[in-house]
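Chain and residue survey
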Amino acid sequence: MEVISWGKQNGKRRYKCKNCGIYFTSENKSVSLKNKEIWFKKWIIGKQTYEQIAVESGYSVSSLQRYFNVMLGNVPKLTYSQNKEVYLLIDGIYFSNEICLVVFRDNVFKQTQLYRITDGENYEEMKEDLENILSLGIKIGGITCDGDKSLLKAIRKVCPKVPVQRCLVHIQRMCKIWLSTYPKSNVGFELREIVCKLHFIDNESKKQYWIKEFLDWFDKHKDFIDEKFYSPETGRYWYTHKMVRRCFSVIRKVLPNMFTFLQNPKIPKTTNGIESFFGHLKGNLNIHRGLTKSRRKKFIQWYLFYKNQKK
């Protein structure tokens, strides 16, 4: 094609084709694509719809959709700061019961170290994920989790010496649900008051006082907790005060891992950090409800990638 220079238009060099007479301007494709990625990033983590971006950017909705679909198909590798030691928050979240996202997130640098998009929190997969983190030469200084059985089993298998902290908010929340706001018995009411004090514990002295109060409560009400009744329908004995006993049993079981955070301030005592992260992700994804299952997975991967970039 033979072209000749034909002045400028909007600050760009204008050309004319000598064969067909069409006028056109030069275009720097690399700059154009980079500009479009800015809008793509806003679509992923900025909670903006196609229509909002179209108004702001000047691109048509159809043009944005075509480009964003191409971007979704080219998910980059997750990048993060290479830290020698991490303090992991590990948790999973489900999207419409179809997608399960399991995230291993460093609480100190607020970066995802590894993630898996799967159909559930499975022992073999989480065991493999922990092994992969260690194989990168990363030391795990501590793990905070909500107590998923498969995860705890994987931790015991792969890194049994790593300090584990059970999420205090999760323990407190479940006990409050089981006991209800207004327990029917004084024993349940006393246990609820003890449970409500958990989030005030911030030193060894308060920890010892809380444990003593809990054990004293058990000694005082042991007969009540162990009380059973006979069911003629089943021919079996059942615990009379099931919810009170359930709370007691859970606390007694997790007690060795309830106050690990007191030994190291870098270990978070709750999984609130990752639950907040999941909340923002879910909010962003809900804005784009029309995405297929495959594209939702890729949206999640791009979200994790952008959130790991240094600000």
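Right, let's walk through the structure included here. (Residues numbered from 1 in each chain as written. Predicted model: local features only at pLDDT ≥ 70, side-chain atom pairs only at ≥ 80, totals over all residues. Heavy atoms only, no water.)

As for the overall build of the protein
What the protein contains, in helices and strands, is 11 helices and 10 strands. Oriented by its inertia axes, the alpha-carbon framework of the protein measures out at about 100 × 45 × 35 Å. Relative to its 311 residues, the protein shows a buried fraction of 42%. For the protein, the exposed surface amounts to about 18,100 Å²; the carbon and sulfur share of it is 51%. With 55 positive and 30 negative side-chain charges, the protein shows a spacing of 9 Å between the two charge centroids. (Helix = DSSP H or I, 4+ residues; strand = E, 2+ residues; numbered from the N terminus. Buried < 20%, exposed > 50% of the residue type's maximum accessible area, 1.4 Å probe, protein only. Areas by Shrake-Rupley, 256 points an atom, 1.4 Å probe, with all protein chains shown as cover. Lys, Arg positive; Asp, Glu negative; His and termini not counted. Charge placed at Lys NZ, Arg CZ, Asp CG, Glu CD.)

Examining the packing of aromatic side chains
On inspection of all chains with the given rule, the structure shows 21 aromatic pairs. Pairwise contacts between aromatic rings join Phe 40, Trp 43, Tyr 50, Tyr 67, Phe 68, Phe 299, Trp 302, Phe 305 and Tyr 306 into one cluster. When the ring centre of Tyr 123 is taken as origin, the NZ or CZ atom of Lys 153, which lies over that ring, is 4.4 Å away. Over the ring of Phe 95 we find Lys 282, and its NZ or CZ is 5.8 Å from the ring centre. (Phe/Tyr/Trp six-rings, centres within 6.5 Å; stacked < 30°, edge-to-face > 60°. Lys NZ or Arg CZ within 6 Å of the ring centre and 35° of its normal.)

Thoughts on the side chain of Thr 144
Turning to its location among the elements, Thr 144 is positioned in strand β7 (residues 139–145). Of the residues examined, Thr 144 reaches a relative accessible area of 0% and is grouped as buried. Reaching out from Thr 144, the side chain makes a polar contact with the backbone oxygen of Pro 268 at a distance of 2.7 Å. Residues contacting Thr 144, with those up to four places away along its chain left out, are Leu 88, Leu 89, Ile 90, Gln 165, Ile 267, Pro 268, Lys 269, Thr 270 and Thr 271. (Polar contact = N/O pair within 3.5 Å; in protein donor to acceptor, adjacent residues only side chain to side chain. Contact = heavy atoms within 4.5 Å.)

Let's talk about the pairing of strand β4 (residues 85–95)
Remember that side chains alternate between the two faces of the sheet whenever the strand is regular. Within β4, nine of the 11 residues are buried, leaving the element largely enclosed by the surrounding structure. One ladder, built from five bridges, connects β4 with β7; its direction is parallel. The residue bridging Val 86 from the neighbouring strand is Ile 140, located in β7. Two elements, β4 and strand β5 (residues 99–106), share eight bridges in a ladder whose sense is antiparallel. (Pairing = 2+ DSSP bridges.)

Topic: the packing of helix α6 (residues 168–179) against helix α9 (residues 242–254)
Where α6 contacts α9, the two axes come as close as 8 Å, and the packing angle between them is 165 degrees. It follows that α6 is roughly antiparallel to α9 by the angle criterion. For the pair α6 and α9, the sense of crossing is left-handed. On α9, the residues that touch Ile 171, Cys 175, Trp 178 and Leu 179 of α6 are Met 243, Val 244, Arg 246, Cys 247, Val 250, Ile 251 and Val 254. For the contact of α6 with α9, the per-class residue count stands at 10 nonpolar, no polar and one charged. (Axes fitted to C-alpha atoms, helices over the stretch in contact; angles between N-to-C directions. Parallel < 35°, antiparallel > 145°, perpendicular 65-115°, else oblique. Left-handed = near helix turned anticlockwise from the far one by under 90°. Nonpolar A, V, L, I, M, F, W, Y, C, P; charged D, E, K, R; others polar.)

Some remarks on the sheet that holds β5
An order of β6-β5-β4-β7-β8 is seen for the five strands of this open sheet, with the pairing classed as mixed. Both edges of this open sheet fall to β6 (111–118) and β8 (164–166), since each of them pairs with a single strand only. The average angle at which neighbouring strand axes cross in this sheet is 20 degrees, direction not considered. One ladder, built from three bridges, connects β7 with β8; its direction is parallel. Each bridged residue has a counterpart across the sheet, and for Ile 143 the counterpart in β8 is Val 164.

Topic: the pairing of β6
When you tally the buried positions in β6, you get seven out of eight residues, the bulk of the element. Relative to β6, β5 runs antiparallel, the two being bridged by seven bridges. In the sheet register, Val 102 faces β6, and the bridge partner there is Arg 116. Counted along the chain from β5 to the antiparallel partner β6, the turn is four residues long, and its residue Lys 110 has a positive phi close to 55 degrees.

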